Number of protein chains: 2
Amino acid sequence: MRKRRATIEDVASLAGVSIKTVSRVVNREPNVRASTTASVKKAITKLDYRPNPSARNLASHRARLIVLVYDDPSTYDAPSAGYIIKLQEGALRACRSEGFELLIHPCSHRDSGVGAELQEQIRQIRPSGIVVAAPLSNLPEIVDAVKATNTPYVRLSTGTGNGKQYEVATNDRDISAGMTRYLAELGHTRIAFIRGDRTHLAVGNRFWGYRDGLEQCGLPFAEELVVEGDNSIGSGEKCAEQLLQMENRPTAIFAANDDMAAGVVRAAARMRIGIPDQLSVAGCDDISLAQMIFPALTTIRQPLSAMAHAASKALIDSARGRPHEPGLEVVPGEIIIRESTGPVPRNA
Amino acid sequence: MRKRRATIEDVASLAGVSIKTVSRVVNREPNVRASTTASVKKAITKLDYRPNPSARNLASHRARLIVLVYDDPSTYDAPSAGYIIKLQEGALRACRSEGFELLIHPCSHRDSGVGAELQEQIRQIRPSGIVVAAPLSNLPEIVDAVKATNTPYVRLSTGTGNGKQYEVATNDRDISAGMTRYLAELGHTRIAFIRGDRTHLAVGNRFWGYRDGLEQCGLPFAEELVVEGDNSIGSGEKCAEQLLQMENRPTAIFAANDDMAAGVVRAAARMRIGIPDQLSVAGCDDISLAQMIFPALTTIRQPLSAMAHAASKALIDSARGRPHEPGLEVVPGEIIIRESTGPVPRNA
DNA sequence: GTTGAATTTGGCAGCGCTGTCAATTCTGTT
DNA sequence: AACAGAATTGACAGCGCTGCCAAATTCAAC
C-alpha cells in the first residue's frame, strides 16, 4: 500500500539526467537549461518527489530551520501569549513559504545559566538562523549566547539599532507621535502620558514620541501631565487616579501600554468619568484585552507578525546566500481607533 | 577557533571501541557492559560530543520530531492564544527532556483542502509523532489526514475515547460535577447552568457533569435553570439577564466556559447584583481573562500543559519502541477558587 | 572551420549515523 | 576441559543528498 517514497535517483532516472542535475533543479541553482529544468520538474511532479530534509541537512551541514527565541510566558502570568502567537504566526508564514521549519524556543531569562543552555541547544540543532524577540533581544546574556553559536541571527525591537547588522523594529516613536497628533486633532490640549517600565526600551521610545507629537502640534509639554507606571494594570489605575484628581485635569490620557490604559479605564469607571465623553484614553500594543473591555481601547497595533516575518525571511535569504543589507528595517505600526477616544468635551 | 564538532568516530577511537558501541551507549540500547558504557560516556563528555540529528534521522528513517497540530488562532480573534501557549509548553517540556524537537503546526480548518495540505506537510517532515489538539482532534478531515500519513498520533480531548487507541483527555464531566458540589456546599440550591456550543464536545460534557453534581448532592434538576449560550461573552451576558430576571432567581450560575462566565459578571454589574454577595459565578477553562476581571473568576483549570506533555511523551515512547497501552489517559482538571463565588446570600 | 571560453551536465566521495548480521567473549554446566 | 547458549562487540553497507571537480556540450568570435 504505502509505497516507498521517491528519491532523487528515481527522479533522475525518470527524467533521464543525473541526480546532480535534479539536485540543481530542486535547489534552483543557475546554469541548467530550461528544457532540462522542465523535464526534471515533470518527473518530480509525476513521482510526487519530496527531498528528504535530513539527507539535505546532513550533506549540506546545515538544517533548514529557523529558531524563534522568546521570553518564556509560563514563567510569569502569561498575558503575553498573544504577543508570542503573533510572532510565531509571522515566522511560520515566512518559513512555510520557503520550505523551512520553525522551532520555537521559549526561555526564561530569569534562570541563571539560560545563556549556556541556549547556546548548547542551538549548537545541537544547527539552525540556519535565529530570531531573537524582545525583550530578550536586549539582554546581553541571551544575545551573547546566540552570537557565540556563530549562527546568523536577527534581533527584534532592540531599540538601539546601530546599523552594523540587520535588525527589525517598529516605528514606536513615530507612531506614538502620530497618536498624540490624533488626540490633538480631536481638540485635546491637555494630553497626559503614563510612562512604563523604564528598562523596557520600546516603552521608553513611546514617551519620546509623545513629546514629538506635542511639539508637532505646537502643544506645550507639561511635566505635571506625565506620570510613571510600571506596565501593569494596577499601576495604570493608580496613575489615572492621580491625574484625574488634578483640578485642571487632562481630557486625554495616553498610556505607554494597553495594560495601563485598561487600568485608566477602570479608574475612570470607578470615578464615574465617562469615556470617551469626558475622557479619551489611548494605549499601545493592541493586546486582546483591548477590544474585550468596554469601551474598547484605541491603541497602536504593533506589527509583530510582520516583524517576525521580515526577520525570518532575512535569515532564510541569508542562508540561501543572499544576505540582507545591514541596518534597521522598520515595520510601521498602525493606529487602531476604537471607542475610548473622542472629541474633547465642550466644557473643558 | 571554532573547531570541528566531534563525531561518533572521534568518540569511538578515544574510548577504544567501535562506533556501533558508541551508538549503543548513546541510544541506551541494552547489552553493553557497564564498564564499556562508562568509558564511552567519559569520552563523550571529554569531547563534548552531540549526535548529529540529521545523520541519525537519515540513518534511522525517522526524525526526532513531534508535530503539534492545532487550530490556527490567527483565523479568528485569537483569545485562544493562552490555550495554545499552554499546549506548546507541555509538548515542549516533553520533547526537550527526551531530546526531541517540537514543530508547531497551526492549521485553519475553515479552509478547504487543509486535510490534503496537512498530510503533504507531515509526509515531508516525517515526524515521530503527531499531537492533535482539540477542537481539531474531533474533525474527521484533520484526523483522516493525519491517519493517512501513517504516523503515530495522539488526539487530545476527543470526548469520545473508544479505547482502541491511546488518547488523552481531562475529566471534564467529573470536575464539573465537583464544581457543582462545591457550589452546593456553599449552600446554593438554585444553581443555574449556561450551556455552550453544542458541537464542542468538551463543553457538552460539562453539562452532564453539572447534572451529576446536582444528583450527588440530592439537588433537583430544573429545566428552567439551564440556558443555552454559544461560548461567547455576549451570549453569557444575555443568558445571565434571562436568568437574573426570574422571580426566584438562581444564587449561583455555572457557565460552560469562562467567556460566558465573564458575560455573566458583566450583566450582574449592570444589574447591580453584587458578586459574590448576591450571586456566585463559576466558569470553566481558566483563561487569562478569568483573573483579570473583577471579581476574579472561580473556574476549572484545564490541565492543557499536562495533557500535551502526556501525549508527546507517549509518542516519544512509542518512537522508542515502548508504545503506551491503548485507552484513555485522563489528566484531572483543577478547581480554582477565586473571588466570584461565596456562600449563598442569607435572604435567599 | 577552428579555437578558447562559457555553459551545462555528470561522477563520485562523503556527511554521521543506524540496522543487520556475523564475530567474539563470557556464562554456567557437564 | 569442553560446549551450548547468552551476552557483548564489531564490520560494513547504506540512508538520500550536496559539494567539488572533471567531462561534455554549446557558444562566440575569428
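Residues numbered from 1 in each chain as written. Chains lettered and ligands numbered in written order. Predicted model: local features only at pLDDT ≥ 70, side-chain atom pairs only at ≥ 80, totals over all residues. Heavy atoms only, no water.

## So, the protein's contact with DNA strand D
Reasoning step 1: Neighbouring DNA strand D are 27 residues, the closest being Ile8(A), Ser23(A), Tyr49(A), Arg24(B) and Thr36(B).
Reasoning step 2: Note that a base nitrogen of DNA strand D is positioned 3.5 Å from one of the backbone N or O atoms of Ala55(A).
Reasoning step 3: Contacts to DNA strand D include Asn31(B), whose side-chain N or O atom sits 3.2 Å from a phosphate oxygen.
Reasoning step 4: At the level of secondary structure, the elements contributing two or more residues to the surface near DNA strand D comprise helix 2 (19-26) and helix 4 (53-60) of chain A together with helix 2 (19-26) and helix 4 (53-60) of chain B.
Reasoning step 5: Tallying contributions element by element places helix 4 of chain A first for the surface near DNA strand D, with 4 residues.
Reasoning step 6: Classifying every residue of the surface near DNA strand D gives 10 nonpolar, 10 polar and 7 charged. (Near = heavy atom within 4 Å. Polar contact = N/O pair within 3.5 Å; in protein donor to acceptor, adjacent residues only side chain to side chain. Helix = DSSP H or I, 4+ residues; strand = E, 2+ residues; numbered from the N terminus. Nonpolar A, V, L, I, M, F, W, Y, C, P; charged D, E, K, R; others polar.)

## Quick word on the sheet that holds strand 6 (residues 191-195) of chain A
Residues and elements named next belong to chain A.
Reasoning step 1: Reading across from one edge, 7-6-8-9 is the order of the 4 strands in this open sheet, with parallel pairing throughout. Of all the strands in the sheet, the pair left with one neighbour each is strand 7 (226-228) and strand 9 (280-282). For this sheet, the mean angle separating the axes of adjacent strands, direction not counted, is 20 degrees.
Reasoning step 2: Here strand 6 pairs with strand 8 (residues 252-255) via 4 bridges, running parallel. Looking at the pairing, Ile-194 lines up with Ala-255 of strand 8.
Reasoning step 3: Together, strand 6, strand 8 and strand 9 form the strand contacts of helix 8 (residues 172-185), whose direction differs from that of strand 8 by roughly 170 degrees.
Reasoning step 4: Its contacts with the sheet put helix 9 (residues 201-216) on strand 6, strand 7 and strand 8, and the angle it makes with strand 6 is roughly 165 degrees. (Pairing = 2+ DSSP bridges. Axes fitted to C-alpha atoms, helices over the stretch in contact; angles between N-to-C directions. Contact = heavy atoms within 4.5 Å.)

## Some remarks on the relation of the copies chain B and chain A
Reasoning step 1: It takes a turn of 180 degrees to lay chain B on chain A, together with a shift of 0.0 Å along the axis; the resulting RMSD is 0.1 Å. A rotation of that kind, with that shift, is consistent with a two-fold axis. Closest to the rotation axis within chain B is the C-alpha of Ser54(B), separated from it by 2.3 Å.
Reasoning step 2: Both copies present the same face, since 98% of the interface residues in chain B are matched by interface residues at the equivalent positions in chain A. (Least-squares fit on C-alpha atoms with pLDDT ≥ 70 in both.)

## Details of the pairing of strand 3 (residues 129-132) of chain A
Residues and elements named next belong to chain A.
Reasoning step 1: Covered by surrounding structure in strand 3 are Gly-129 and Val-131 together with Ile-130 and Val-132, the residues of both alternating faces.
Reasoning step 2: Where strand 1 (residues 65-71) meets strand 3, 4 bridges bridge the pair, whose relative direction is parallel. Across the sheet, the residue bridging to Ile-66 is Gly-129, located in strand 3.
Reasoning step 3: With 3 bridges connecting them, strand 3 and strand 4 (residues 153-156) associate as parallel partners. Within strand 4, the position partnered with Ile-130 by the bridge is Tyr-153. (Buried < 20%, exposed > 50% of the residue type's maximum accessible area, 1.4 Å probe, protein only.)

## Concerning the interface of chain B and chain A
Accessible area lost when the parts come together is the quantity often used to give the size of an interface.
Reasoning step 1: Every contact between the two is made by 42 residues of chain B and, on the other side, 42 residues of chain A.
Reasoning step 2: Of the roughly 3,900 Å² buried where chain B meets chain A, counting both sides, 55% is carbon and sulfur surface.
Reasoning step 3: Connecting chain B to chain A are 2 salt bridges.
Reasoning step 4: Notably, a salt bridge pairs Glu120(B) with Arg50(A), separated by 2.8 Å at the nearest N-O pair.
Reasoning step 5: Our enumeration of links across chain B and chain A arrives at 9 residue pairs in polar contact (both at pLDDT 80 or more).
Reasoning step 6: Elements represented by at least two residues in the side of chain B that touches chain A include exactly helix 4, helix 5 (81-98), strand 2 (101-107), helix 6 (114-125) and helix 12 (289-292) of chain B.
Reasoning step 7: The leading source of residues in the side of chain B that touches chain A is helix 5 of chain B, at 8 residues.
Reasoning step 8: Considered class by class, the residues forming the side of chain B that touches chain A number 18 nonpolar, 12 polar and 12 charged. (Buried area = accessible area lost by both parts, 1.4 Å probe. Salt bridge = Lys/Arg side-chain N within 4 Å of Asp/Glu carboxyl O.)

## What to know about the environment of Pro140(B)
All names here are of chain B.
Reasoning step 1: Relative to the helices and strands, Pro-140 is located in helix 7 (residues 140-148).
Reasoning step 2: Under the relative-accessibility criterion, Pro-140 is labelled exposed at 56%.
Reasoning step 3: Separated by 95 residues in sequence, Pro-140 and Ser-235 place their C-alpha atoms 28 Å apart.

## Description of the sheet that holds strand 6 (residues 191-195) of chain B
All names here are of chain B.
Reasoning step 1: With respect to topology, 4 strands assemble into an open sheet ordered 7-6-8-9, the strand pairing being parallel. The sheet is open, and its two borders are formed by strand 7 (226-228) and strand 9 (280-282), each paired with just one other strand. Strand-to-strand, the axes of this sheet are offset by a mean angle of 20 degrees, without reference to chain direction.
Reasoning step 2: Note that strand 8 (residues 252-255) and strand 9 share 3 bridges and pair parallel.

## A short note on empty space enclosed by the protein
Reasoning step 1: Considering all chains together, one arrives at 3 cavities of 30 Å³ or more under this definition.
Reasoning step 2: The volume enclosed by the largest cavity comes to roughly 60 Å³.
Reasoning step 3: Lining the largest cavity, in full, are Ile85(A), Gln88(A), Glu89(A), Leu92(A), Tyr70(B), Asp72(B), Pro73(B) and Pro106(B).
Reasoning step 4: Ranked by residue count, the leading element in the lining of the largest cavity is helix 5 (residues 81-97) of chain A, at 4 residues.
Reasoning step 5: By residue class, the composition of the lining of the largest cavity is 5 nonpolar, 1 polar and 2 charged.
Reasoning step 6: Of the voids in this model, the second largest cavity is the one considered here, and its volume is about 40 Å³.
Reasoning step 7: In terms of lining residues, the second largest cavity is bounded by Thr170(A), Asn171(A), Asp172(A), Ile175(A), Arg206(A), Cys284(A), Asp285(A), Ile300(A), Arg301(A), Gln302(A) and Gly333(A).
Reasoning step 8: Broken down by class, the residue content of the lining of the second largest cavity amounts to 3 nonpolar, 4 polar and 4 charged. (1 Å grid on protein atoms, 1.4 Å probe; cavity = no way out; pocket = protein on both sides within 12 Å on 5 of 7 lines; lining within 4 Å. Points joined across faces, edges and corners; volume = space filled by probe spheres on them.)

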